[in-house]
Amino acid sequence: SPATPVAGQVLVDGGTLEYTGGSVTLAANRGVAIGNGGAVLRVTGTGDLGIGGAVSDAAGASGAIAVEAETAALALQVANTFSGGLTILKGTVRA
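Residues numbered from 1 in each chain as written. Predicted model: local features only at pLDDT ≥ 70, side-chain atom pairs only at ≥ 80, totals over all residues. Heavy atoms only, no water.

J.: Is there a simple way to think about the overall build of the protein chain in this case?
T.: Across its full length, the protein chain holds zero helices and 11 strands. Secondary structure of the protein chain in N-to-C order comes out as β-β-β-β-β-β-β-β-β-β-β. Taking 2.2 N^0.38 as the reference for a compact globule, 95 residues should give roughly 12 Å; the C-alpha atoms of the protein chain span a radius of gyration of 12 Å, in line with that estimate. Dimensions along the principal axes, computed over C-alpha positions, put the protein chain at roughly 35 × 30 × 20 Å. Taken over 95 residues, the protein chain has a buried fraction of 37%. Total accessible area computed for the protein chain in this model is approximately 4,700 Å², and 52% of it derives from carbon and sulfur atoms. Here the protein chain contributes 4 positive and 6 negative side-chain charges, whose respective centroids are spaced 6 Å apart. (Helix = DSSP H or I, 4+ residues; strand = E, 2+ residues; numbered from the N terminus. Rg over C-alpha atoms; globule rule 2.2 N^0.38 Å. Buried < 20%, exposed > 50% of the residue type's maximum accessible area, 1.4 Å probe, protein only. Areas by Shrake-Rupley, 256 points an atom, 1.4 Å probe, with all protein chains shown as cover. Lys, Arg positive; Asp, Glu negative; His and termini not counted. Charge placed at Lys NZ, Arg CZ, Asp CG, Glu CD.)

So this is what it looks like as structure tokens:
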């Protein structure tokens, strides 16, 4: 893993990032970038999914995020800079 935070280490552009396990937090050095196609963040596991790094726009993009936290919560743990908007379709999002 990178020694320092890397913006956009995980890119979602028109797809779904689904988590199906027990409670876990993505490391702070694993930033998530959202492309113009947007993203669905879905939590269907037995525990919460924490995102320890910033969620930001991909270079030149402004995609929206839809959250489906079906069985647990999505926890956004740091200041985020994505600009496309956030829609909670189901469940809980914590800051």
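J.: In this structure, what is going on with the sheet that holds strand E6 (residues 49-51)? I would like to understand it.
T.: Strand order in the open sheet formed by four strands is E3-E6-E9-E11, with parallel pairing between adjacent strands. Strands with a single pairing partner mark the edges of an open sheet, and in this sheet they are strand E3 (24-26) and strand E11 (93-94). Pairing between E3 and E6: three bridges, direction parallel. Following the sheet pairing, Leu26 is matched in E6 by Ile51. (Pairing = 2+ DSSP bridges.)

J.: In this structure, what is going on with the nonpolar core? I would like to understand it.
T.: Burial of nonpolar side chains together is a common tendency in soluble globular proteins. Counting residues in each nonpolar core, the largest one holds 17 residues, and the members touching the most others are Ile34, Ile51, Val55, Ile65 and Leu74. Beyond its immediate sequence surroundings of up to four residues, Ile65 is in contact with Ile34, Ala39, Leu41, Val55, Phe82, Gly85, Leu86 and Thr87. (Core = buried A, V, L, I, M, F, W, Y, C linked by side-chain atoms within 4.5 Å. Contact = heavy atoms within 4.5 Å.)

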